[in-house]
Amino acid sequence: MICVLNVVRGPAKQGRYVLHQNDTVEIGRSAHADISLPADPQLSRRHVLISFKETGFSICDLGSSNGTFVNDERVNRATLSNGDMIRIGKTQLRVTLMENDANPHAEDGVQFSSSESAGADQDARYRTERSISFPDELRSLERTRIAPREGSDEPMPTVTAQSLESDRWNPMIQDVIQRYFVAEPGQQLYRIQQSPESAWGDLVGVLLELSSKGHLLSVFNVAQVSEDATPRLEKRLGRKQLVPLTQTLVAGQMATSESELRLLSASSRCDGLICIGSQERIDPEELKPFANSLSYPSMFGEYIQEADAPIRDFLRKRRAWVLFEWSSSGPLGLFAAIDF
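Reference entry: report on the structure contained in this document. The residue count restarts for each chain, going from 1 along the sequence in the order it is written. Under the rules for a predicted model, residues below a pLDDT of 70 receive no local features and side-chain atom pairs below 80 are neither given nor counted, while totals for whole chains, interfaces and linings still include all residues. No hydrogens and no water enter the side-chain calculation; it runs on all heavy atoms of the structure.

**Here's the deal with the packing of aromatic side chains**
Stage number 1. Here a pair means two rings of Phe, Tyr or Trp (six-membered ring of Trp) with centres within 6.5 Å. Their orientation is stacked below 30 degrees between planes, edge-to-face above 60, and tilted elsewhere. For the coordinates displayed, the defined rule picks out 3 aromatic pairs.
Stage number 2. Their ring planes at 40 degrees and their centres at 4.9 Å tell us that Phe290 and Phe314 sit as a pair that is tilted. Of the two residues, Phe290 is situated in the loop between β19 (273-278) and α7 (291-294) and Phe314 in helix α9 (residues 310-317); the sequence distance between them amounts to 24 residues.
Stage number 3. Burial classification: accessible surface area is computed with a 1.4 Å probe over protein chains only, and a residue below 20% of its type maximum counts as buried, one above 50% as exposed, and the rest as partly exposed. On the basis of relative accessibility, which here comes to 14%, the residue Phe290 falls in the buried class.
Stage number 4. Since its relative accessible area comes to 7%, Phe314 is described here as buried.
Stage number 5. Between the aromatic rings of Phe300 and Phe324, the centroid separation amounts to 5.0 Å while the plane-to-plane angle is 65 degrees, which identifies the pairing as edge-to-face. The helix count covers DSSP runs of H or I at least four residues long, the strand count covers runs of E at least two residues long, and both are numbered beginning at the N terminus.

**Examining the pairing of strand β21 (residues 332-336)**
Stage number 1. Burial runs high along β21: 5 of the 5 residues are buried.
Stage number 2. Burial along β21 is two-sided: Leu332, Leu334 and Ala336 facing one way and Gly333 and Phe335 facing the other are all buried.
Stage number 3. Strand pairing is defined by DSSP finding a minimum of two bridges between the two strands. As defined by bridge partners, strand β15 (residues 189-192) adjoins β21 across 3 bridges and the pair is classed as antiparallel. By the bridge assignment for β21, Leu189 is matched with Phe335.
Stage number 4. Pairing of strand β20 (residues 320-325) with β21 involves 5 bridges; the strand directions are antiparallel. Bridging from a neighbouring strand, Leu323 pairs with Leu334 of β21.

**Describing the pattern of salt bridges**
Stage number 1. We count a salt bridge whenever a side-chain nitrogen from Lys or Arg sits within 4 Å of a carboxyl oxygen from Asp or Glu. Per the counting criterion, the structure on display carries 10 salt bridges.
Stage number 2. Across the pair Glu184 and Arg191 runs a salt bridge, and its minimum N-O distance is 3.3 Å. The residues Glu184 and Arg191 share a single accessibility class, namely buried.
Stage number 3. The partner of Arg316 in a salt bridge is Asp313, with the nearest N and O atoms 2.6 Å apart. With Arg316 and Asp313 both in helix α9, this residue pair falls 3 residues apart, about one helical turn.
Stage number 4. Since its relative accessible area comes to 43%, Arg316 is described here as partly exposed.
Stage number 5. Here Asp313 falls in the partly exposed class, since its relative accessible area comes to 34%.
Stage number 6. Each of Asp175, Arg179 and Glu209 takes part in one network of salt bridges that share partners.

**Comments concerning the pairing of β15**
Stage number 1. The side-chain alternation of β15 yields two buried faces, one formed by Leu189 and Arg191 and the other by Tyr190 and Ile192.
Stage number 2. Where strand β14 (residues 181-183) and β15 come together, 3 bridges link them in antiparallel fashion. Residue Val182 lies in a different strand from β15, and its bridge partner there is Arg191.

Structure (structure tokens):
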């Protein structure tokens, strides 16, 4: 069973949190909460706990100052039903219960699909290919094109040294952006226009240049990555080199050794990898409150454009950049929140 919490009122309005069977999630104002809502002053630091038991999902108040309400009735503990409205502080969440194989983003028109194809060898295992599609109204929001329309005199947008200098960005990041990326309307967001010359492909090629200084943290969606990457991830999980963020997301520090570059390469082009770079080391545990926004790289580009997206402030404080794929076959995106 899946429990989807849609924020319908409050500072985090339009946010969505997906809880899977056997998940236990704490909600509160604390930065250490699984779902951190620091902008709601009426929340307690540790407000409620939502967990799954044999009978379904339940909510438990953790001794909050302002109480927990389900359908306007104050509760200490209650079993959640489909359609319930939870009110904590100024935040109101709508509960939607789904089967495990349901799409929690279907109401937005976002569709996930998969297909199986046999390998060249008749005895080869079937390979699952996954894809994501957006409704027309979301597709129409696609921003700057990589090149002008055919027959158009419209100049291609560029990143100027003056604009970068005014933001006081790290010179190394500035150089990579100027050589490979084009600015997107919206703060600190870029789309690749020229791939680096690298035998590893564009994603790893850009990573090698971006991560030449600082730390590299990678987030993998194990349900999306290729069959080649899966056993490598399982081995690293067994060695505790990766930290589980959710049932499908794992994260860990990466080096630029050949074995780790091969893992990154095998995980690319399948909507299953996001890479975060920073000068200050980021503990993977710090990403848990933002796991929902990191689940699918192809959705991250839409999410990060929201000026009040919680992960924006986190990345800005860590002086970090994020490299992601706008789609499993499309261009790379870069969000650079570096401010020195």
